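# Residue-level structure breakdown
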Amino acid sequence: MPIATPEVYNEMLDRAKAGKFAYPAINVTSSQTLHAALRGFAEAESDGIVQISTGGAEFLGGQHNKDMVTGAVALAEFAHIVAAKYDVNIALHTDHCPKDKLDSYVRPLLAISEQRVANGQAPLFQSHMWDGSAETLADNLAIAQELLPRAAAAKIILEVEITPTGGEEDGVTHEINDELYTTVEDAIRTAEALGLGEQGRYLLAASFGNVHGVYKPGNVVLRPELLKDLQAGVAAKFGKPADSAPFDFVFHGGSGSTAEEIATALENGVVKMNLDTDTQYAFTRPVADHMFRNYDGVLKVDGEVGSKKTYDPRSWGKSAEAGMAARVLEACQALRSAGTKLK
């Protein structure tokens, strides 16, 4: 199947919300990690989301000039070709973009999709994230109000993060403290500013103790039940049924989460969960194993020439792809999206 059309992406999210499952959103930094993500989704028989962060896009742009837009566009165009060979629907997304990178990342990418749509084509990406969590909520929402109609006109869904996620992601750092919990007031202000879909669809990254990076279960206090309070508070404020769940939530910083925490998040409206740390490790671990097991063959030691069969990137790259694909499959199972692909 090809990259999801805007209509298919909306249907994917609607089905996830109704079925109380979520799509893993897998960060990729190369054609190889892209194939690993696609393979994992296909083996899970799950549609999914592939995303590129600002750091990932800069890496993809090459170390000669490190241009984020070039990197993101190049991999997106590549994905549009190769994803057609996998029997699942894949949405392309750009991950965390702070204020100082909007003009060099999200806004130029929006302009590309605006032109594509004007030419009768589908947008290049299906969603973009504006991460204003480092700004005041007022400034954050003001920028979201500028971006949302542009995204909607280009048939793109906007993701917004209204309160901080702890830890570090592509140079944006937040302390782990009580500010990592979105309040009902925060959610109401968001709905007042951005509407509940009538101004354009958006995904909401609310905070319930989430932390980016590596941590063991129990080291971070997640409160996914808070999402239910946010849904109920906004529903009551806007006269919606108590069980209407007006927001489509995103779960950031999911590495190390327990099965119970994930299940509670799904029950309360999470439709997208980001995975990066775990899949990075799943990709790199087989490479490290290969290098240690084939040390003499990989390195030219004391004038010897090693073994081409072991230092050929394909020899370890295949294992890396398989390792990451297996972790994506595991994520689909944990998020209940396995076996739910659109026919």
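Now for a look at the structure at hand. Note that residues are indexed from 1 along each chain, following the sequence as it is written. Totals for whole chains, interfaces and linings use all residues, but because this is a predicted model, local features are given only for residues with pLDDT of at least 70 and pairs of side-chain atoms are given and counted only at 80 or more. Side-chain metrics rest on all non-hydrogen atoms present in the structure, leaving aside hydrogens and water.

A few words now on the side chain of Glu261. With respect to the element layout, Glu261 can be found in helix 9 (residues 259-267). In what follows, a contact means two residues having at least one pair of non-hydrogen atoms within 4.5 Å. Leave out the neighbours within four places in its chain, and Glu261 touches Leu222 and Pro224. Secondary structure elements follow DSSP: runs of H or I no shorter than four residues count as helices, runs of E no shorter than two count as strands, and numbering proceeds from the N terminus.

Here we come to the packing of helix 10 (residues 277-293) against helix 13 (residues 313-334). Axes, fitted as lines to C-alpha atoms, cover a helix only where it is in contact. Angles between the N-to-C directions of the axes lie from 0 to 180 degrees. As a packed pair, helix 10 and helix 13 sit with axes 8 Å apart at the nearest point and diverge in direction by 145°. The handedness of the crossing between helix 10 and helix 13 is right-handed. Across from Asp278, Thr279, Ala282, Phe283, Pro286, Val287, His290 and Met291 in helix 10, the residues of helix 13 making contact are Ser315, Trp316, Ser319, Ala320, Glu321, Gly323, Met324, Arg327 and Val328. When residues are grouped by polarity, Ala, Val, Leu, Ile, Met, Phe, Trp, Tyr, Cys and Pro land in nonpolar, Asp, Glu, Lys and Arg in charged, and all others, Gly among them, in polar. Tallied by class, the residues present in the contact of helix 10 with helix 13 amount to 9 nonpolar, 5 polar and 3 charged. Helix crossings are classified by the rotation of the near helix relative to the far one: an anticlockwise turn of less than a right angle makes the crossing left-handed, while a clockwise turn makes it right-handed.

With that settled, the discussion passes to the environment of Val73. Here Val73 is to be found in helix 4 (residues 68-82). Through-space distance from the C-alpha of Val73 to that of Gly61 is 9.0 Å; in sequence the pair is 12 residues apart. Val73 has contacts with Leu109, Ile112 and Leu124, leaving out every residue within four places of it along the chain.

So, about the nonpolar core. The biggest cluster of nonpolar side chains holds 81 residues, and the ones touching the most others in it are Phe41, Tyr105 and Val160. With 8 residues, the top contributor of residues to this core is helix 4. Ignoring anything within four residues of it in the chain, the contact list for Tyr105 reads Ile52, Ser53, Thr54, Ala57, Met68, Val69, Ala72, Thr94, Asp95 and Cys97. Tyr9, Ala16, Tyr23 and Ala205 belong to the second-largest nonpolar core, a separate cluster that totals 16 residues. Here, nonpolar core refers to any group of buried Ala, Val, Leu, Ile, Met, Phe, Trp, Tyr and Cys residues whose side-chain atoms link them within 4.5 Å. Buried residues are those whose accessible area, probed at 1.4 Å on protein chains only, stays under 20% of the maximum for their type, while exposed residues exceed 50% and partly exposed ones sit between those limits.

In this section: the packing of aromatic side chains. Here a pair means two rings of Phe, Tyr or Trp (six-membered ring of Trp) with centres within 6.5 Å. Their orientation is stacked below 30 degrees between planes, edge-to-face above 60, and tilted elsewhere. Counting across every chain of the model gives 4 aromatic pairs. Taking 4.9 Å as the distance between ring centres and 65° as the angle between the ring planes, the aromatic pair formed by Phe208 and Phe251 counts as edge-to-face. Of this pair, Phe208 sits in the loop between strand 8 (202-205) and helix 8 (226-237) while Phe251 is found in strand 9 (residues 249-251), placing the two residues 43 residues apart along the sequence. Residue classification places Phe251 among the buried residues on the basis of a relative accessible area of 1%.

Attention now moves to helix 13. The length a helix should cover is 1.5 Å for every residue beyond the first. In a regular helix each residue adds 1.5 Å, so 22 residues correspond to 32 Å; helix 13 covers 31 Å between its end C-alpha atoms and thus fits that length. Along helix 13, the residues that are buried comprise Gly317, Ala320, Glu321, Met324, Ala325, Arg327, Val328, Ala331 and Cys332. Seen along its axis, helix 13 keeps its buried residues to an arc of 160°; they face one direction. Pointing more than 90 degrees away from the buried face of helix 13 are the exposed residues Lys318 and Gln333. Here the buried face of helix 13 lies against strand 1 (23-27), helix 2 (31-44), strand 10 (270-275) and helix 10. With its phi angle positive at about 70°, Arg336 sits one or two positions after the end of helix 13. This arc is built from the directions going out from the helix axis to the C-beta atoms.

The subject of this paragraph is the pattern of salt bridges. A pair is scored as a salt bridge if a Lys or Arg side-chain nitrogen falls within 4 Å of a carboxyl oxygen belonging to Asp or Glu. In the structure shown here, the tally under the stated rule is 17 salt bridges. In this structure, the salt-bridge partner of Arg39 is Glu43, at a minimum N-O distance of 3.0 Å. Taken as a pair, Arg39 and Glu43 lie in helix 2 at a separation of 4 residues, close to a single helical turn. The shortest N-O distance in the salt bridge between Arg107 and Glu146 comes to 2.7 Å. Within this pair, whereas Arg107 is found in helix 5 (residues 106-118), its partner Glu146 is found in helix 6 (residues 137-153), the two being separated by 39 residues in sequence. Given the relative accessible area of 31%, Glu146 is considered partly exposed. Among the ionic contacts, a cluster of salt bridges with common partners joins Asp14, Lys17, Arg201 and Asp248.

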